[in-house]
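Geometric and topological summary
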Amino acid sequence: MCGIVGILGKSSVATDLVDALRRLEYRGYDSAGIATVESDHLERRRAEGKLKNLEKRLLSEPLAGRTGIGHTRWATHGRPTERNAHPHMTAEVSVVHNGIIENFRELRADLEKKGHVFDTDTDTEAVVHLISHHMQQGLSPVEAVRAALGELQGAFALGIIFAGHDDLMIAARQGSPLAIGHGSGEMYLGSDAIALAPFTDSITYLDEGDWAVMHRSGVEIYDRAGNRVDRPMVKSVASSLLVDKGNHRHFMAKEIHEQPEVISHTLANYIDMAAGQVRFPDLGIDLAKVSRLTISACGTAYYAGLVGKYWIEQFARVPVEIDIASELRYREAPLPEGGLAVFVSQSGETADTLATLRYCKAGGQRIASIVNVRTSTIARESHAALPTLAGPEIGVASTKAFTCQLSVLACLALALGRARGTISEAKEQEMVKALMEVPRHISSIIRNEQQFVAIAQELSKARDVLYLGRGTSYPIALEGALKLKEISYIHAEGYAAGELKHGPIALIDENVPVIVVAPEDALFEKTVSNMQEVAARGGKIILISDAPADKVSCSLAAHIEMPTSVSFTTPLLYAVPTQLLAYHTAVVMGTDVDQPRNLAKSVTVE
Ligand code: F6R
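On a predicted model such as this, the values are computed, not experimentally measured, just so you know.

The rules behind each value
- Residues numbered from 1 in each chain as written.
- Predicted model: local features only at pLDDT ≥ 70, side-chain atom pairs only at ≥ 80, totals over all residues.
- Heavy atoms only, no water.
- Pairing = 2+ DSSP bridges.
- Helix = DSSP H or I, 4+ residues; strand = E, 2+ residues; numbered from the N terminus.
- Axes fitted to C-alpha atoms, helices over the stretch in contact; angles between N-to-C directions.
- Contact = heavy atoms within 4.5 Å.
- Domains from an automatic or database assignment.
- Buried area = accessible area lost by both parts, 1.4 Å probe.
- Salt bridge = Lys/Arg side-chain N within 4 Å of Asp/Glu carboxyl O.
- Polar contact = N/O pair within 3.5 Å; in protein donor to acceptor, adjacent residues only side chain to side chain.
- Nonpolar A, V, L, I, M, F, W, Y, C, P; charged D, E, K, R; others polar.
- Near = heavy atom within 4 Å.
- Areas by Shrake-Rupley, 256 points an atom, 1.4 Å probe, with all protein chains shown as cover.
- 1 Å grid on protein atoms, 1.4 Å probe; cavity = no way out; pocket = protein on both sides within 12 Å on 5 of 7 lines; lining within 4 Å.
- Sits in = over half its atoms within 2 Å of the grid points.
- Points joined across faces, edges and corners; volume = space filled by probe spheres on them.
- Buried < 20%, exposed > 50% of the residue type's maximum accessible area, 1.4 Å probe, protein only.
- Core = buried A, V, L, I, M, F, W, Y, C linked by side-chain atoms within 4.5 Å.
- Parallel < 35°, antiparallel > 145°, perpendicular 65-115°, else oblique.
- Left-handed = near helix turned anticlockwise from the far one by under 90°.
- Arc of directions from axis to C-beta.
- Expected span 1.5 Å × (residues − 1).

A word on the sheet that holds strand β23 (residues 464-469)
Across the sheet, which stays open at both edges, the five strands sit in the order β24-β23-β25-β26-β27 with parallel pairing between neighbours. Edge positions in the sheet fall to β24 (491-496) and β27 (558-561), since each has one partner strand and no second. Adjacent strand axes in the sheet meet at a mean angle of 15° when their direction is disregarded. Of the strand pairs in this sheet, strand β25 (residues 513-517) and strand β26 (residues 540-545) are connected by five bridges, and their pairing is parallel. Among the inter-strand pairings, P513 is bridged to a residue of β26, identified as K540. Sheet contacts for helix α16 (residues 473-488): β23, β24 and β25; angle to β24, the most-contacted strand, approximately 175°.

See the structure below:
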């Protein structure tokens, strides 16, 4: 993870580096730092914790220099202290790094034998000393980096500057994304185009194995073998107005409230509103002949995929294999001949999802990805990218991206069902109509937001919280529990309601709130039975349902009344109260809602 930036500017770059880093804090916020070339030597400022600490440091100890690199860290090797903060440097070279250098121990041992003294616990410092070492042997900066890159194993994106070289920056990409920005007499480097949005929208993405030698006048790009290559310059659509919370206290609140609008946009991309039918892009595979589908993703995106599995199996009658990305590839799952593999990712950069995509591609699968960042690596490496139109999601806990992923998966299920003849045209129109009603229903849930504040007060006193659901409400229970634990730090688990009596029921007592996600659908009565089992053991039930209270013959601690909807669309609706419960609980607890501890928005390490 981590975010990196670099600027070859016309004047002092410190302020712009910090500005660009602010846009990358979603990648990590354990520490931040910048380094610049000051005439013949390198200077740096670093600070533990969030970027604001670095900004404070820069006020009292400003940094000059027209050439600089910056970093915001999500710690992998070494504690998140100032000593381990990037940029790392020697007298010759300074480096910012995103990723993991797998052979850093061997490199470090070898360099220490040669007299290099290390002063951090990071893997990155091995890169710095390696380049320094080559320069001390008489190689130029470019030759030294070329030699070092040949010795590094692992996944990395690097930004490198050199003492005494005011017009030089080198970038390298292997497994972690990097974008080069073109200005007028200025050049930029960033983990993504969003970081560079205030400076330029002319972007060149480095391919796997590429490295680039940047000057103010332009860039030369080389592939892994050292051949000069051309990579296209594209116009980025990343907006420079990203970091705006509007009237909201947190990005997460803003993003929850944006859902009616962004779900409408996303649905409009896949539905012919006039005809009331799905208009799905060509995936380059005959949907009528798909005999098995593989879905893979991580975290919240995985739970979206799990809802997708229920929908696709029920409506299109295609068996779906689903697994979290960090497992699918390592268990060497057999893949069907000519199969379709679908990946779900907000960032489009999640390392495990990307690696599994490559595994499936190598296994002959047709690759479709549901991504929010259209220029991301996962989008670019897919045969077909299916965008979610959620807009930038800044809060680390995913909300609007999740419901937009569900919107695309719902349309995919309908497209498959129509192609395979398992859904009639009339049924499709009925289901499309139900989807089109989702934004209105979500607006009505959000209008009643105040009720969540009182329930959150109670939840904030709990040590453990259980979430139950059946059918498509089961993934929503899992997602609800993930949301609560990641932003409030309260332990929470989601279970299939029918599974409760096979173990988890032992946890129930009068101190354990149990949140039951139970739309009044074909499974409702069964879930009510499970709820009664909880009530009999003193559990405090918070029911999220459109069923009237008299249909539930046990006492409830709270009843979140939901609008009545077609059961197909309930996952989209019922996700929202679980988001609001988690959000308001975190607010009561006073945690850092948008940047919860230990997490990062884009997980580019395995
Ligand atoms: C939780 C959350 C994570 C992400 C996961 C995958 O709120 O946001 O679980 O869903 O890290 O990230 P993407 O979707 O970027 O691949």
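Comments concerning the domain arrangement of the protein chain
Splitting the protein chain by domain gives domain 1 (3-247), domain 2 (254-436) and domain 3 (444-589). In this structure, domain 2 and domain 3 have C-alpha centres spaced 26 Å apart. Across the boundary between the two partners, domain 2 contributes 25 residues, which contact 23 residues of domain 3. Summed over both partners, the interface of domain 2 with domain 3 comes to about 2,000 Å²; 78% of that surface belongs to carbon and sulfur atoms. The largest contributions to the domain 2 side of the interface with domain 3 come from I256, Y303 and Y310, which together make up 27% of the buried area. The interface formed by domain 2 and domain 3 contains zero salt bridges. Between domain 2 and domain 3 we count seven residue pairs in polar contact (both at pLDDT 80 or more) in total. Listed by contribution, the elements that provide at least two residues to the side of domain 2 that touches domain 3 are α7 (251-257), α8 (259-270), α9 (299-316), α13 (400-420) and α14 (425-447). When residues of the side of domain 2 that touches domain 3 are assigned to their parent elements, the largest contribution, eight residues, is made by α9. Taken together, the residues of the side of domain 2 that touches domain 3 sort by class into 17 nonpolar, eight polar and no charged.

Thoughts on the site of the ligand
Lining the immediate environment of the ligand, one finds 14 residues, of which S345, Q346, S347, T350 and E486 sit closest. Measuring from an oxygen atom of the ligand, one finds a backbone N or O atom of Q346 at 2.6 Å. Expressed as a share of its isolated accessible area of 410 Å², the protein-covered part of the ligand is 89%. When atoms are counted within 2 Å of each cavity's grid points, the one that captures over half of the ligand is the second largest pocket. Contributing elements (two or more residues each) for the shell around the ligand: α9 and α16. Among the elements that line the shell around the ligand, the one with the most residues is α9, at three residues. Counted by class, the shell around the ligand contains five nonpolar, seven polar and two charged residues.

Structural notes on the layout of surface pockets
Computed from the structure, the second largest pocket encloses a volume of approximately 500 Å³. Around the second largest pocket, the lining comprises 25 residues; the ones closest to its centre are C298, G299, T300, K601 and V603. At the level of secondary structure, the elements contributing two or more residues to the lining of the second largest pocket comprise α9, β20 (340-345) and α16. Each residue belonging to the lining of the second largest pocket can be placed in one class, and the counts come to 11 nonpolar, 10 polar and four charged. Two domains each donate at least three residues to the lining of the second largest pocket, and these are domain 2 (254-436) and domain 3 (444-589).

Here we look at the environment of G150
With respect to the secondary-structure elements, G150 resides in the loop between α5 (141-149) and β7 (154-162). Owing to a relative accessible area of 66%, G150 belongs among the exposed residues under this scheme. For the pair G150 and S12, spaced 138 residues apart in sequence, the C-alpha to C-alpha distance is 33 Å.

Structural notes on the nonpolar core
One finds F280, L283, W311 and I312 to be the most contacted residues of the largest nonpolar core, which totals 93 residues. No other element matches the 12 residues that α13 contributes to this core. Setting aside anything within four residues of it in sequence, one finds F280 in contact with Y270, L386, V408, C411, L412 and A415. By size, the runner-up hydrophobic cluster in this structure holds 28 residues, among which are L130, A144, F156 and A172.

So, the packing of α14 against helix α18 (residues 570-589)
Interhelical geometry of α14 versus α18 gives an angle of 20° and a closest axis separation of 9 Å. Overall, the two elements α14 and α18 adopt an arrangement that is roughly parallel. The hand of the α14/α18 crossing is right-handed. Within the contact between the two elements, α14 uses L435, V438, H441, I442, I445 and I446 and α18 uses L572, L573, V576 and P577. Residue composition of the contact of α14 with α18, by class: nine nonpolar, one polar and no charged.

Notes on helix α2 (residues 51-60)
Three or four residues apart is the spacing at which side chains of an α-helix point the same way, because the helix has 3.6 residues per turn. Within the sequence span of α2, burial applies to L51, L54 and L58. All buried residues of α2 fall inside an arc of 55° around its axis, so they share one side. Those residues of α2 that are exposed and angled more than 90 degrees off the buried face are K52, K56, L59 and S60. Its buried side turned inward, α2 meets α1 (14-22), β2 (31-38) and β3 (41-48).

Re helix α4 (residues 124-136)
For α4, spanning 13 residues, the distance from its first C-alpha to its last is 19 Å, which sits close to the expected 18 Å at 1.5 Å a residue. Burial runs high along α4: 12 of the 13 residues are buried. Along α4, the positions that sit buried rather than exposed are T124, E125, A126, V127, V128, H129, L130, I131, S132, H133, H134 and M135. Backbone geometry just after α4 places G138 at a positive phi near 105°.

Some thoughts on the sheet that holds strand β10 (residues 187-190)
Pairing in this open sheet of eight strands is antiparallel, and the strands run β3-β2-β4-β1-β10-β9-β11-β15 from one edge to the other. The open sheet has two free edges, formed respectively by β3 and β15 (233-235), since each of these has just one partner strand. Between one strand axis and the next, the sheet turns through 20° on average, direction left out of account. When β2 meets β3, the two strands line up antiparallel, connected through eight bridges. Across the sheet, V37 pairs through a bridge with L42, a residue of β3. Lying over the sheet, α1 contacts β1 (3-8), β2 and β4 (67-73), oriented at roughly 150° with respect to β1. On top of the sheet, α2 reaches β2 and β3; it is set at about 130° to β3, its chief contact.

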